[in-house]
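Architecture at a glance
Here is what each chain is made of, one letter per residue.
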Amino acid sequence: MRSRRGPVRRCAHQKKFWRNHVLFPTIAAKCGMKKSTVVGEEFRMAKCAYCSTTIIFGGKSEGKLRFCNEQCRNKGVLLATSEQVPVNVIQQKACEIRQGNCPKCGARGPIDVHVSYQVWSAVFLTSWKSRPHVCCRSCGIKSQLGDAAFSLLLGWWGFPWGLIFTPIQVVRNMVGLARGVDPSKPSAQLEKIVRLTTASQLIQTN
Ligand SMILES: [Zn+2]
Ligand SMILES: [Zn+2]
């Protein structure tokens, strides 16, 4: 009896082995899982071609360009295809947005791009992102403080990247808070976002 059950058990183990070590990672890789959250990709220092954040680890590539994540990459690709929109049209629209009301709270401008930085961890997983917000300064401060608090609370719980990225993201928020945006003219980031929205509107109407 025992001798007959032996091979069956081994077979079950083999199935489990295949599921855990062969099939699942292959499927996960095909679905593009892990990529945005798993850390430990090769070490490269580059600036995100979309949001200008320095990429310390990981990031996404598109041709020769580097982006901090999938979201930035998609926007960056749109950015590349939007180069045909005339510069003066972009600048005029950026000035209008800048002098308009805040899309978040409705208060009066100046409106510009405020980037906030976030990280969360769960044991061996650490995920971080930068989020550009088009809003007034006080809404920008709120998102930066919110993301700093979020990171301080949820960033640490991963080893080793959570311990490394939590102070980095918190400091980035603090630098953003302290620096603010140039009061004299729309930032290059705002012009980029205007360029993107104009491009996506063009794509939708065509
Ligand atoms: Zn980015
Ligand atoms: Zn606001």
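Calculation rules
Residues numbered from 1 in each chain as written. Chains lettered and ligands numbered in written order. Predicted model: local features only at pLDDT ≥ 70, side-chain atom pairs only at ≥ 80, totals over all residues. Core = buried A, V, L, I, M, F, W, Y, C linked by C-beta atoms within 7 Å. Buried ≥ 20, exposed ≤ 12 C-beta atoms within 10 Å, placed from the backbone. Helix = DSSP H or I, 4+ residues; strand = E, 2+ residues; numbered from the N terminus. Contact = placed C-beta atoms within 7 Å. Pairing = 2+ DSSP bridges. Axes fitted to C-alpha atoms, helices over the stretch in contact; angles between N-to-C directions. Parallel < 35°, antiparallel > 145°, perpendicular 65-115°, else oblique. Left-handed = near helix turned anticlockwise from the far one by under 90°. Nonpolar A, V, L, I, M, F, W, Y, C, P; charged D, E, K, R; others polar.

A closer look at the nonpolar core
Ranked by size, the top nonpolar core spans 20 residues in total, and within it Cys48 and Leu190 carry the most contacts. Those elements giving two or more residues to this core turn out to be α3 (87-99), β5 (112-122), β6 (125-135) and α6 (188-205). Apart from residues lying up to four places away in sequence, leucine 190 is in contact with Ala94, Ile97, Arg98, Asp112, Val113 and Val134. Membership of the second largest hydrophobic core comes to five residues, among which are Val119, Trp128, Trp161 and Phe165.

Concerning the pairing of β5
By the criterion of burial, β5 is predominantly enclosed, with ten of the eleven residues buried. Relative to β6, β5 runs antiparallel, the two being bridged by eleven bridges. Along β6, the bridge assignment pairs valine 115 with proline 132. Linking two consecutive strands that pair antiparallel, namely β5 and β6, is a turn of two residues; a positive phi of about 55 degrees is found at valine 123 within it.

Overview of the packing of helix α4 (residues 137-154) against helix α5 (residues 161-179)
Orientation of α4 relative to α5, taken along the N-to-C sense of each, is 165 degrees, at an axis distance of 9 Å. Relative to α5, α4 is oriented roughly antiparallel. In the packing of α4 onto α5, the handedness of the crossing is left-handed. Of the residues in α5, those touching α4 at Ile141, Gln144, Asp147, Ala148, Ser151 and Leu152 are Thr166, Gln169, Val170, Asn173, Met174, Gly176 and Leu177. Of the residues in the contact of α4 with α5, the class split is six nonpolar, six polar and one charged.

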